Amino acid sequence: MLTPFFIGKNMKNIKSYLITDPNYFSDNPEKFEEKLIAVLKNHKIDFACFRDKSSQNIEELAKIFLQICKEFKIENILINSNISLAIKLGFDGVHLNSQQFDKIENAKKSNLITIISCHNLEELEKAMNKNIDFVTYSPIFDTPNKGESKGVEQLNEATKNFPNLKIFALGGIIKDEQIKDIEKTKAYGFASIRYFI
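Along every chain, residues carry numbers that run from 1 in the direction the sequence is written. Only residues with pLDDT of at least 70 are given local features in this predicted model, and only at 80 or more are side-chain atom pairs given and counted; all residues enter the totals for whole chains, interfaces and linings. Excluded from the side-chain calculations are hydrogens and water; all other atoms, namely the structure's heavy atoms, are used.

Caption draft 1: Structural context of the sheet that holds strand β5 (residues 113-118). DSSP-based pairing: two strands are paired if at least 2 bridges between them are found. Helix and strand assignments follow DSSP, with helices taken as H or I runs no shorter than four residues and strands as E runs no shorter than two, numbered in order from the N terminus. Taken together, eight strands build a closed barrel; the order of strands is β1-β2-β3-β4-β5-β6-β7-β8 and the barrel is parallel. Across the sheet, the mean angle from the axis of one strand to that of its neighbour is 25°, orientation sign disregarded. Every axis in this analysis is a line fitted to C-alpha atoms, fitted for helices over the stretch in contact. Angles between the N-to-C directions lie between 0 and 180 degrees.

What follows is the structure in structure tokens.
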């Protein structure tokens, strides 16, 4: 077991959000299952999202993901972008990308927990006006091919400007020190692919 990172007098218990990626988890069902179990054994996960834009067997992998997350009693199990598959397989929610603001209402009408990816203050405002459940705000730290990182100061500014939004910091989070910096803001939690690997 890894040492929990929720330590220190001024630290608060922020939520952790695991996002998968076939580059790290594989699209081979056996390897995918093995990797996911290892990650869930090592980390306390509050939210988990199956994210795969490239594999040919997405539905099969999504079913494995859902079953294993349920076995580990993950409370919020989401799938990336695909509302119809979320409903079909019985996921708790959907994580929409920043081109899917028009899908928020549909997702919420389907009783899905709804998260949307935001990259600037305008998108955060738009998400708030649509009564989104949660947002990710990214990239906070340097991430390959994701443009200039915002840094913790911009994250802090976003949480102050939108105090009613539940914001997950996302992007380049791979170390405990980064999470401790995020914990000093009013962010609801942090989301990552590589931190949990």
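Caption draft 2: Here's a closer look at helix α3 (residues 58-71). One fewer than the residue count of a helix, multiplied by 1.5 Å, yields its expected span. The terminal C-alpha atoms of α3 lie 20 Å apart, and with 14 residues this matches the ideal 20 Å at 1.5 Å per residue to within 8%. Within the span of α3, buried status applies to Leu61, Ala62, Ile64, Phe65, Leu66, Ile68 and Cys69. By the convention used here, residues are in contact when the closest approach between their heavy atoms is within 4.5 Å. Buried residues belonging to α3 abut α2 (29-42), β2 (47-50), β3 (76-80) and α4 (83-89). Lysine 73 occupies a position one or two residues after α3 and carries a positive phi of about 60°. Only protein chains enter the accessibility calculation, which uses a 1.4 Å probe; a residue is then buried when its area is under 20% of its type maximum, exposed when over 50%, and partly exposed in between.

Caption draft 3: A look at the pattern of salt bridges. Salt bridges, as used here, are contacts in which a Lys or Arg side-chain nitrogen is within 4 Å of a carboxyl oxygen on Asp or Glu. Counted by the stated rule, this structure contains eight salt bridges. The salt bridge partner of lysine 88 is glutamate 59, with a shortest N-O separation of 2.9 Å. In this pair, lysine 88 sits in helix α4 while glutamate 59 sits in helix α3, placing the two residues 29 residues apart along the sequence. Here lysine 103 ties to aspartate 102 by a salt bridge, and the two come within 3.6 Å at their closest N and O atoms. Its relative accessible area of 56% is what places aspartate 102 among the exposed residues. Each of the salt bridges in this network shares a partner with another, and the network as a whole consists of Glu59, Lys63 and Lys88.

Caption draft 4: Expanded view of unusual backbone geometry. Of the consecutive residues serine 138 and proline 139, the connecting peptide bond is found in the cis state with omega at -10°. Relative to the elements of secondary structure, proline 139 occurs in the loop between β6 (134-137) and α7 (151-161). Although it is not a glycine, asparagine 111 sits at a positive phi angle of roughly 60°. Relative to the helices and strands, asparagine 111 resides in the loop between α5 (104-109) and β5. For asparagine 111, a relative accessible area of 69% translates into the label exposed. Positive phi, normally seen in glycine, also occurs at asparagine 131, with a value near 55°. Following the sequence through the fold, asparagine 131 ends up in the loop between α6 (121-129) and β6.

Caption draft 5: Looking closely at the environment of aspartate 133. By the secondary structure assignment, aspartate 133 is in the loop between α6 and β6. Since its relative accessible area comes to 27%, aspartate 133 is described here as partly exposed. For the pair formed by aspartate 133 and leucine 112, sequence separation is 21 residues and the distance between their alpha carbons is 9.5 Å. Pairs of N or O atoms are called polar contacts if they sit within 3.5 Å, as long as, within protein, a hydrogen donor faces a hydrogen acceptor (for residues adjacent in sequence, only side-chain-to-side-chain pairs). Looking at aspartate 133, its side chain comes within polar contact range of the side chain of lysine 108, at 2.9 Å. Among the polar contacts made by the side chain of aspartate 133, one reaches the main-chain amide nitrogen of threonine 114 at a distance of 2.8 Å.

Caption draft 6: Just the packing of α2 against α3, in detail. Packing of α2 against α3 brings their axes to within 10 Å, and their N-to-C directions diverge by 30°. Taken as axis vectors, α2 and α3 run roughly parallel relative to one another. Relative to α3, α2 is oriented so that their crossing is right-handed. On α3, the residues that touch Pro29, Phe32, Glu33, Leu36, Ile37 and Leu40 of α2 are Glu60, Leu61, Ile64, Phe65, Ile68 and Cys69. Here roughly perpendicular refers to angles of 65 to 115 degrees, roughly parallel to angles under 35, roughly antiparallel to angles over 145, and oblique to all remaining angles. Note on convention: the crossing is left-handed when the near helix lies turned anticlockwise from the far helix by less than a right angle, right-handed when the turn is clockwise.

Caption draft 7: Structural context of the side chain of lysine 150. As for its placement among the helices and strands, lysine 150 is situated in the loop between β6 and α7. Apart from the residues within four sequence positions on either side, lysine 150 is in contact with His119, Tyr137, Ser138, Pro139 and Ile140.

Caption draft 8: Quick look at the pairing of strand β8 (residues 189-192). Residues of β8 alternate between two faces, with Gly189 and Ala191 on one and Phe190 and Ser192 on the opposite face, all of them buried. As paired strands, strand β1 (residues 15-19) and β8 are joined by four bridges and run parallel to one another. Its bridge partner lying in β8, serine 16 is registered against phenylalanine 190. Pairing geometry for strand β7 (residues 167-170) and β8, over three bridges, is parallel. Paired with phenylalanine 168 across the two strands is glycine 189, which belongs to β8. When the strands point away from the viewer, a crossover counts as right-handed if the route from the first strand across the helix to the second turns clockwise. Taking the sense of rotation as the criterion, the β-α-β connection linking β7, helix α8 (residues 176-183) and β8 turns out right-handed.

By themselves, these figures tell us nothing about what the structure is for.
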